[in-house]
Amino acid sequence: MSRIIDSHVHCYPAEVIADPVGWGMSRGEAHWVNLVTRGPQGWADPDTLLRAMDTDGVERVVLQAWYWQNPLSVIEQNRWHAEWVQRYPDRFWAMAAVHPDQTDPIEALEQARNWGARGVGEVLPQVQSQQGWQHPGWADILRWTTAVRWPLCLHVTEPVGHDYPGRVVTGLDETVEQLERFPDQRWILAHWGGGLPFFFLNRRVAKAVSNVWYDSAASPLLYDAKVWRVVAGLVGSERILFGSDFPLRLYPRKYGPPGWANLLSELNAEVPDPEALENILWRNSELVFSGC
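This report concerns the structure included in the present document. (Residues numbered from 1 in each chain as written. Predicted model: local features only at pLDDT ≥ 70, side-chain atom pairs only at ≥ 80, totals over all residues. Heavy atoms only, no water.)

1. Overview of the sheet that holds strand 7 (residues 212-215)
In spatial order, the strands read 4-5-6-7-8; together these five strands make up an open sheet with parallel pairing. The open sheet has two free edges, formed respectively by strand 4 (120-123) and strand 8 (240-241), since each of these has just one partner strand. Of the strand pairs in this sheet, strand 7 and strand 8 are connected by two bridges, and their pairing is parallel. Each bridged residue has a counterpart across the sheet, and for Y214 the counterpart in strand 8 is I240. Of the strands in this sheet, strand 5 (151-154), strand 6 (186-189) and strand 7 touch helix 9 (residues 172-181), which is tilted by about 160 degrees from strand 6. (Pairing = 2+ DSSP bridges. Helix = DSSP H or I, 4+ residues; strand = E, 2+ residues; numbered from the N terminus. Contact = heavy atoms within 4.5 Å. Axes fitted to C-alpha atoms, helices over the stretch in contact; angles between N-to-C directions.)

2. Topic: the pairing of strand 1 (residues 5-9)
Counted residue by residue, strand 1 has five buried out of five residues, so it is predominantly covered. Here strand 1 pairs with strand 2 (residues 60-63) via three bridges, running parallel. Each bridged residue has a counterpart across the sheet, and for I5 the counterpart in strand 2 is R60. (Buried < 20%, exposed > 50% of the residue type's maximum accessible area, 1.4 Å probe, protein only.)

3. Details of unusual backbone geometry
The amide bond that connects G121 to the next residue, E122, takes the cis arrangement and shows omega of 0 degrees. Position of E122 among the secondary structure elements: in strand 4. Along the chain, F246 connects to P247 via a cis peptide bond; the corresponding omega equals 10 degrees. By secondary structure assignment, the location of P247 is in the loop between strand 8 and helix 13 (261-270). The phi torsion at A218 lies on the positive side, around 65 degrees, for a residue other than glycine. If you trace the backbone, A218 turns up in the loop between strand 7 and helix 11 (219-222). For A218, a relative accessible area of 6% translates into the label buried. Although it is not a glycine, D245 adopts a positive phi angle of roughly 70 degrees. Using a relative accessible area of 9% as the deciding quantity, one classes D245 as buried.

As structure tokens, then:
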């Protein structure tokens, strides 16, 4: 059986899970509350996450941060991640949360590197600031992450498709502009990059995405299972990171608690080549995250 590294999971402490609405509203996180209290959201604290990993044979996960609206929430989440990666260094890698309105986001990222963070994200500038990408803090952040070769995970939404609570449009043209502006940045575009791989045959896009990886977070909620082999055929299996968005319930009408078994079955059916499968399941994640 192949090793499995999930590059995109979320985890919260028990006090947040006990009252997510109260916790979120007390911190001004209306967007987060809207997303996590409607739809197929599941919940996991570190111990619940570890039990689920052991059940489904997941070796390691990357704890993704959230795109908080309040800079104080960034500090809080980074404190959680610092504690958990120090407690479970063999099972958890973690990304750092960031906000362009922090007093000194670069100093905060330096601190995150000291406690073991391996990148930044998820981020979503259109939610985190009224200025979006035009906030000057993002350029400062990206210059720093580029210099230290940290990956940055960007939440990207498909431009067409079904609507859902909290959906935020993230234009692919604007995404490509940022990729071109920071070509040496190691980018992770979450949720299949909002469909950006489907434009790989466009010459401008192909050039812009030369330093991009795509994660498969929430894939069954967004795309047909054929997306695995279609994207692998377009950009290569070397550019796909296995990500679940755990603890989302990826098949809410068919199966029970959050887990990986059904997503792994889908992947194995669509990508039978052993080399490509290993690239997606763990080899690419080790390349992106372990060298930070």
